[in-house]
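If you want the building blocks of each chain, they are given just below.
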Amino acid sequence: MARPGTLRYVDPHAPRGRLYLAVAKLSTTDLAGRISRRISWKVDPLLLRITNGRFSTAAPLAAALLETTGARTGERRRTATLYFHDGDRVTIIPSYRGEPRHPAWYHNIKAHPDVTFGGLPFRAQVVTDEHERERLWALADQVYPAFAEFRGRAQAANRTIPIVQLTPR
């Protein structure tokens, strides 16, 4: 059970159960995409705040609240995103379901890399080394198999999905 300022450890090598894999598969459907774009992005930050990070609409997949500073406005922004751990680093993927553009939070972290994730302070860094990206994609696909489909969608739109690692501050 998560407490404020704690982040559930997500081991990318851990086996995933049937329910987990079913939810991951269901999340790639058009209906799930519409729900995500219209409802979940509004509800999840609230759910994560009131449950101290224990529950989101992505359950049983691990999601946490990412708090950034707006790239243009300088205002505090909150969004929920999936994540996994790589040693002491947390990895997040701005996939935006493979859409042609990056999510707003990606632009925010590029402009202001000091973020809060799951109530903890981190510094965000975009992974640029291609070998490291390949290694992290292999881990990401174990945590959320739909990332492979999202990469295909993004590639068809001439977009490369970045990988972001969060280092504790």
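Everything below is about the structure shown above.
Description of the structure in this document. (Residues numbered from 1 in each chain as written. Predicted model: local features only at pLDDT ≥ 70, side-chain atom pairs only at ≥ 80, totals over all residues. Heavy atoms only, no water.)

Focus on the overall build of the chain
For the chain, the count of helices and strands is five helices and seven strands. Listing every helix and strand of the chain by position from the N terminus yields α-α-β-β-β-β-α-β-β-α-α-β. Taking all 169 residues of the chain together, the buried fraction comes to 43%. Taking the contacts inside the chain whose residues are at least 6 apart along the sequence as the reference set, 71% of them involve residues at least 24 apart. Of the roughly 9,400 Å² of accessible surface on the chain, a fraction of 54% belongs to carbon and sulfur atoms. (Helix = DSSP H or I, 4+ residues; strand = E, 2+ residues; numbered from the N terminus. Buried < 20%, exposed > 50% of the residue type's maximum accessible area, 1.4 Å probe, protein only. Contact = heavy atoms within 4.5 Å. Areas by Shrake-Rupley, 256 points an atom, 1.4 Å probe, with all protein chains shown as cover.)

A short note on the pairing of strand E5 (residues 114-117)
The pairing of strand E1 (residues 63-69) with E5 spans two bridges and is antiparallel. When the bridges of E5 are listed, Leu66 appears paired with Phe117. Where E5 and strand E6 (residues 120-126) come together, four bridges link them in antiparallel fashion. Residue Phe117 lies in a different strand from E6, and its bridge partner there is Leu120. (Pairing = 2+ DSSP bridges.)

Regarding the packing of aromatic side chains
Taken as a whole and assessed by the stated rule, the structure comprises four aromatic pairs. An aromatic cluster of at least three residues, connected via ring pairs, comprises Trp137, Tyr144, Phe147 and Phe150. When the ring centre of Trp137 is taken as origin, the NZ or CZ atom of Arg151, which lies over that ring, is 4.2 Å away. (Phe/Tyr/Trp six-rings, centres within 6.5 Å; stacked < 30°, edge-to-face > 60°. Lys NZ or Arg CZ within 6 Å of the ring centre and 35° of its normal.)

Some details on the pattern of salt bridges
Scanning the model with the defined rule gives nine salt bridges in all. Of the charged contacts in the structure, one is a salt bridge between Arg133 and Glu130, with a shortest N-O distance of 3.7 Å. Of the two residues, Arg133 and Glu130 are both situated in helix H4 (residues 130-143); the distance of three residues between them amounts to about one turn of the helix. When its relative accessible area of 9% is taken as the criterion, Arg133 is described as buried. Of the residues examined, Glu130 reaches a relative accessible area of 47% and is grouped as partly exposed. Put simply, Arg153 and Glu149 hold a salt bridge, and the shortest N to O gap is 2.6 Å. Remark: Glu149 and Arg153 occur in helix H5 (residues 146-156); sequence separation between them is four residues, near one turn of the helix. Classification of Glu149 by relative accessible area gives partly exposed; the value is 35%. (Salt bridge = Lys/Arg side-chain N within 4 Å of Asp/Glu carboxyl O.)

Looking at the environment of Leu120
With respect to the helices and strands, Leu120 occurs in strand E6. A sequence separation of 54 residues divides Leu120 from Leu66, and the C-alpha atoms of the two residues are 9.5 Å apart.

Remarks on the nonpolar core
Within soluble globular proteins, side chains that are nonpolar tend to cluster in buried spots. Residues Tyr83, Val90, Ile92, Phe117 and Leu166 are the most contacted members of the largest nonpolar core, which totals 37 residues. Looking at which element gives the most residues to this core, the answer is H4, with five residues. Among residues more than four places away in sequence, those in contact with Phe117 are Leu7, Ala64, Leu65, Leu66, Thr81, Tyr83, Val90, Ile92, Phe122 and Leu166. (Core = buried A, V, L, I, M, F, W, Y, C linked by side-chain atoms within 4.5 Å.)

Side note on the environment of Gly119
Its place among the elements puts Gly119 in the loop between E5 and E6. Gly119 sits in the partly exposed class, given a relative accessible area of 45%. Sequence separation between Gly119 and Glu67 is 52 residues; the distance between their C-alpha atoms is 8.4 Å.

Brief notes about empty space enclosed by the protein
Gaps left between atoms are located by rolling a probe of water-molecule size over the structure's atoms. Taken as a whole, this structure holds one cavity of 30 Å³ or more when the rule is applied. Of the voids in this model, the largest cavity is the one considered here, and its volume is about 30 Å³. (1 Å grid on protein atoms, 1.4 Å probe; cavity = no way out; pocket = protein on both sides within 12 Å on 5 of 7 lines; lining within 4 Å. Points joined across faces, edges and corners; volume = space filled by probe spheres on them.)

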